[in-house]
Every structure is written in structure tokens, then in C-alpha cells.
Amino acid sequence: MLLTKKRRTKLFKFLRFSRLPRMPFILNIEPGNVCNLKCPLCPTGLGDQGMAKGFIDLGFFKHIFDQLRGSLTSVNLYSWGEPLLNKDLVRIIRYIKESDKAIRVVISTNLNIRDDKLLEELIDSGIDEVIVSCDGACQATYEKYRVGGDFNLVMHNLRYLASKKEELAKDSSIVWNFLVFRHNEHEVEKAREMAKETGVDFRIGFMRTSMKDEILKSHKEAIEQDKNWIPDNPEYSAYDKINYTTKKIIKTCRKPWQEISINWNGLVFPCCAVYGEKYNFGDTRKDSIKNIWNNPKFISARKEILNKCPATTICGVCRSNGFMHM
């Protein structure tokens, strides 16, 4: 019986492979790391300069994507910025779908954009899922985290996306993703009802502590630093604020066996949670993805996760801090 790519990944990890005979089947690639909001737990929103700023263009995207043809099942077009600010985004999505319609394409957006034509083209592109980050049911609550955002604009855009999905007879999933914080947990059910009335799906998301350094600290340190953001209702939180730990104990990680994360400028990381150019595992401007995928850093990262040996990569640091909850 042929193994699915996901099962094959589990098998490679079970067999303790640190050098892999297959390429990754998930590509996380950053359209750009520029944003129009200033979310206080995001390094981009805080104006951090630890990463060079810019957008990927269609030509460079093709250079990366074409190296993974035949391997991919999913492409996630988001990371440290707002993907709808990239002028090539729709063309990138169309290129993926023209190459292989079976590849699942997802973006995550704050949807603070005044461009109905772009939104129509987004739905028409064949995208599989549009995740919309909207963390409130009114402007006052919403803007406490989505600083600089316009709640009414987001609602207009959600309704427009839903109408275009129906008009164009597309199967795209439009998801209102509600990150629950202490200041907005009282509005979860109201937002759920608004999503239903708008014609979009609703999803509760668990907030993360400071995204720049959450994997560089112990859970206790991270929770202590950002505990005022963490909801009081344990149903809506990944954290135990009493015992200063995550509610779910993560014992291992499969990401370096199944996915690769590439920033807009070609730097490679083991997952999308890693922030900071100094933690990169390679540069697709200088080397092939095939070579990077089994280079000394990726091999060391896999060994550090498997064997709990001393950390020489960011994966070893993440493991020593108990892995992140996502």
C-alpha cells in the first residue's frame, strides 16, 4: 500500500531519519513582511528591524516553487506581514493552481484593505482558504490588539468576499479567525453569531505570547511577560496562568520532517514561528532547496529533536524550552 506524504513523514521520524529521501510537502512562503497594522505581540507590528523588509515577486516565487513541483500538497502564503499588500499575490496563487489544482493554497490576512477588485480576483484565483484575523465584535474591542485597524472595513470586506464566493460559484473557505485575549473573551459568542449572519465560517484561535521570542524563552517566562493578554477563561487559552505552563504538553515536533518556511528574500527556516535572520538554515538565492533540505543545519535540527542533544540550532532551543503550543 502506498503511504501518504503525511504518513511517510511520520515513518521517517519514527525510523529516526535525520537525512530525508523526500522533499517537504508543505511550503510556508512569505509574500512580504510589511504590515499596515501595529499588533503589539508581533515584531512586524512593533517595527522590529531583525528582518530585512520587502515583498517576494512572481519571478522569485517561481524559482522557489518550481524546485518543489510534485512534492507539495499545501502552500501557506503568509508569515510576518500582510499578504494582500503584495501586488503579485493573485498571480502567485494562479501560478500554483495552474501548476497543480490539487495543491491547497491558504492566506491569512487582517483584511484592512480598500480594494474590491483585488478581493474579487482573490476569490476568482481558486484560493482554497482565506483566514481573516478579526479579534472583536466592535471597533473599541477590535482595535486594542489590531492597532490601526478598521472593524467596519473588515466586516464590509467579509461580506464582499462571501458575496463574490457565491456569485463566482467558488469553493473557497472564508474563515473569521477570532484570537481570544483577556480583553475580548466576552465577545466570542457575539462574533460567532455575526460570522453566521455574514455567511462566513468562524474559528476560535489561541493567542501566542510575544511572537518574536516565544520559542527563545521558557513557558513560565513567556506567560509571566504577557499574562495580561491571556484570557481568564481556560476554554479560550493555550496557557495555564496558575502553573505558568502550556495546557497541552508537546513532547516532540515533526515540522523539520514535513515542511519548509521561506521568507520573501529567500532565507529558509524550519518553521514559520522562527523570527530573526540569524536563525536561518540556508539561502535559496545561493543554494538549491534540495541541498538546503539535507544540509548540516537541518540534519542537526532533526537530531536535536530526536535525541535531545545540546542545542546548536533554533529547533534545539525550542525543544529545550518545551516546544511552542501551536
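Computed from a predicted model, the values in this text were never measured in an experiment.

> Give a description of the layout of surface pockets that names residues and reports values.
Taken as a whole, the second largest pocket holds about 230 Å³ of empty space. What lines the second largest pocket is a set of 14 residues, among which Lys 97, Ser 125, Gly 126, Ile 127 and Lys 170 lie closest to the centre. No other element matches helix α3 (residues 89-99), which puts three residues into the lining of the second largest pocket. Partitioned by chemical class, the residues of the lining of the second largest pocket number two nonpolar, four polar and eight charged.

> Describe helix α7 (residues 188-198), naming the residues involved and giving the relevant values.
Side chains that are three or four residues apart share a direction in an α-helix, a result of its 3.6 residues per turn. Residues of α7 that are buried: Val 188, Ala 191, Met 194, Ala 195 and Thr 198. Along the axis of α7, the buried residues cluster in a sector spanning 120°; they form a single face. Within α7, the exposed residues directed more than 90 degrees away from the buried face are Lys 196 and Glu 197. On its buried face, α7 sits against α6 (151-167), β5 (173-180) and β6 (201-206). Phi for Gly 199, located one or two positions after α7, is positive at around 90°.

Analysis parameters
- Note on numbering: residues in each chain are counted from 1, in written sequence order.
- Predicted model: local features are reported for residues with pLDDT of at least 70 only, side-chain atom pairs are reported and counted for 80 or more only, and whole-chain, interface and lining totals are derived from all residues.
- Values reported for side chains reflect all heavy atoms of the structure, with hydrogen atoms and water molecules removed beforehand.
- Every definition here rests on a 1 Å grid over the protein atoms only: cavities are sets of points where a 1.4 Å probe fits but cannot get out, pockets are open sets enclosed by protein on both sides within 12 Å along at least five of seven lines, and lining residues have some atom within 4 Å of a point.
- Grid points are joined across faces, edges and corners, and a volume is the space filled by probe spheres set on the points.
- Think of it this way: any DSSP run of H or I at least four residues long counts as a helix, any run of E at least two long counts as a strand, and we number them from the N terminus.
- Residue classes follow a fixed rule: Ala, Val, Leu, Ile, Met, Phe, Trp, Tyr, Cys and Pro count as nonpolar, while Asp, Glu, Lys and Arg count as charged, and any other residue, Gly among them, counts as polar.
- With a 1.4 Å probe rolled over the protein chains alone, any residue whose accessible area is under 20% of its type maximum counts as buried; one over 50% counts as exposed, and the rest are partly exposed.
- The arc under discussion is defined with respect to the helix axis, by the directions toward the C-beta atoms.
- Any two residues whose heavy atoms approach within 4.5 Å are treated as being in contact.

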